[in-house]
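Overview (structure and organization)
Each chain, letter by letter, is given below.
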Amino acid sequence: MYAQMIKSESSNDDPQALAEFQARIDRGERIEPKEWMPEGYRKTLIRQIGQHAHSEIVGQLPEGNWITRAPTLERKQILLAKVQDEAGHGLYLYSACETLGVTRDELFEKLHSGAMKYSSIFNYPTLTWADMGAIGWLVDGAAIMNQVPLQRTSYGPYARAMVRICKEESFHQRQGYSIMMKMAQGTPAQKEMAQDALNRFWYPSLMMFGPSDAESVHSTQNMAWKIKINTNDELRQRFVNETVPQAEYLGLTVPDEHLRWNDDKQGYDFSEPDWDEFFEVLKGNGPCNEERLGARRKAWDDGQWFREGLSAYADKQATRRTAAE
Ligand code: FAQ
């Protein structure tokens with residue numbers, strides 16, 4: 001449906017302007033906020049960057065849950081810094097999105113009403129400390145796999161935001177792997193926790209790349225506009241190829257009995273995630289959807305007095321300035 005909406009909105013654009021825009025994209029030029037762009041390009045960017053920003057913000061919740069229970073002071077400091085980084089990523093991305101003519105309040109309203117999505121992965125619970133390892137290793141690992149190519153995306157503010165985000169995500173991935181190493185080399189009970197975390201986060205991590213290419217609604221148009229650089233399946237395959245040897249190094253088993261190295265394609269064959277589960281999570285029926293959205297709505301409501309205070313102060317300053325003129 002969204003694809004149809006984009007098409008009809010784009011069809012209002014002047015064909016000559018559309019052709020020139022496409023030529024700019026094909027030459028590898030960056031599109032900047034005040035330049036002309038097709039309405040469909042603007043809308044799909046708001047959708048993708050907005051959802052990406054929401055993911056960073058909602059994504060703080062599963063790990064925030066463990067800050068008070070981190071096993072050492074050092075682990076607590078590292079986790080706190082990581083969660084703060086995710087807040088920063090959300091803020092850069094909201095700012096990038098605002099350059100497209102949408103306000104932050106509108107984006108929040110759409111998140112809270114369920115009109116905009118955030119990544120499916122954050123609707124799964126974090127049950128043990130090993131989940132902090134699995135999230136850093138797998139979830140940040142999948143995020144990097146997706147975001148490194150986005151540094152070359154055609155929209156300038158989004159591409160530039162990605163540069164810093166990717167640097168920070170690399171640190172997140174390493175800290176997650178370091179937790180997994182510690183657990184995997186620990187007592188049998190700790191190793192079992194690490195294996196259990198891998199078992200629970202493996203398929204949800206594969207789902208982060210989106211539905212299969214055959215089911216993807218936006219890939220064709222967005223790749224033509226270089227908003228997306230790779231297809232969902234390409235990135236998923238790359239992620240599996242890189243992650244399986246890391247699991248082997250940890251002495252853990254990827255929970256997929258069909259996982260095999262395929263010499264011909266120089267990559268692993270692997271089982272697809274349960275796509276019914278994925279679409280159920282997108283519809284709001286995942287294990288933690290209600291809890292996550294509830295937490296964000298509550299934060300918004302709790303901040304009402306503060307936003308009102310800021311606005312009242314700004315109004316007062318403006319009145320004083322006018323009186324002094
Ligand atoms: N979850 O046509 P496609 C992070 C939706 S950042 C929910 O293939 P597209 C950092 C999609 O929106 C993680 N919805 O869509 C961190 C569309 O629905 P719509 C977020 C999903 O856009 C780590 C429909 O399915 N990263 O984790 C998902 O071409 C640790 C059809 O799909 C980004 O957002 C999903 N997994 O490709 C933070 C990266 N997949 O909108 C804290 C930027 C698909 O029409 C802790 N985004 N959908 O209603 C992208 O690269 C793309 O948007 C994709 C999806 C690849 C996610």
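The model shown is predicted, which means the values in this text are computed figures rather than measured ones.

If you look at the biggest cluster of nonpolar residues, it comprises 45 residues, and the most contacted ones within it are Trp129, Trp137, Leu138, Trp202, Phe239 and Val240. Residue contributions to this core peak at 9 residues, all from helix H7 (residues 130–150). Once residues lying within four places of it in the same chain are set aside, the contact partners of Trp137 are Gln173, Gly176, Tyr177, Met180, Leu198, Thr243, Gln246, Ala247 and Leu250.

Turning our attention to empty space enclosed by the protein. This structure, assessed with the given rule, holds 1 cavity of 30 Å³ or more. The calculated volume of the largest cavity comes to roughly 30 Å³. For the largest cavity, the full set of lining residues is Pro62, Ile121, Phe122, Tyr124, Ile135, Val139 and Phe201. Its residues placed into classes, the lining of the largest cavity shows 7 nonpolar, no polar and no charged.

So, on to the site of the ligand. Surrounding the ligand, one finds 35 residues, the nearest of these being Lys117, Ser216, Val217, His218 and Lys228. Contact distances for the ligand include 2.8 Å between an oxygen atom and a side-chain N or O atom of Asn232. About the coverage of the ligand: the protein hides 92% of its 1,100 Å² of free accessible area. Mapped by element, the contributors of at least two residues to the shell around the ligand are helix H3 (39–58), helix H5 (73–98), H7, helix H8 (156–184) and helix H12 (275–285). Broken down by class, the residue content of the shell around the ligand amounts to 13 nonpolar, 13 polar and 9 charged.

A surface patch of nonpolar side chains, amounting to about 390 Å² of accessible area, comprises Trp305, Phe306 and Leu310. For Trp305, the location among the structural elements is in helix H14 (residues 304–324). You can call Trp305 exposed: its relative accessible area is 62%.

About the thresholds
Residues numbered from 1 in each chain as written. Predicted model: local features only at pLDDT ≥ 70, side-chain atom pairs only at ≥ 80, totals over all residues. Heavy atoms only, no water. Core = buried A, V, L, I, M, F, W, Y, C linked by side-chain atoms within 4.5 Å. Buried < 20%, exposed > 50% of the residue type's maximum accessible area, 1.4 Å probe, protein only. Helix = DSSP H or I, 4+ residues; strand = E, 2+ residues; numbered from the N terminus. Contact = heavy atoms within 4.5 Å. 1 Å grid on protein atoms, 1.4 Å probe; cavity = no way out; pocket = protein on both sides within 12 Å on 5 of 7 lines; lining within 4 Å. Points joined across faces, edges and corners; volume = space filled by probe spheres on them. Nonpolar A, V, L, I, M, F, W, Y, C, P; charged D, E, K, R; others polar. Near = heavy atom within 4 Å. Polar contact = N/O pair within 3.5 Å; in protein donor to acceptor, adjacent residues only side chain to side chain. Areas by Shrake-Rupley, 256 points an atom, 1.4 Å probe, with all protein chains shown as cover. Patch = residues over 30% accessible without salt bridge, like charges linked within 9 Å, V, L, I, M, F, W, Y side chains within 5 Å. Salt bridge = Lys/Arg side-chain N within 4 Å of Asp/Glu carboxyl O.

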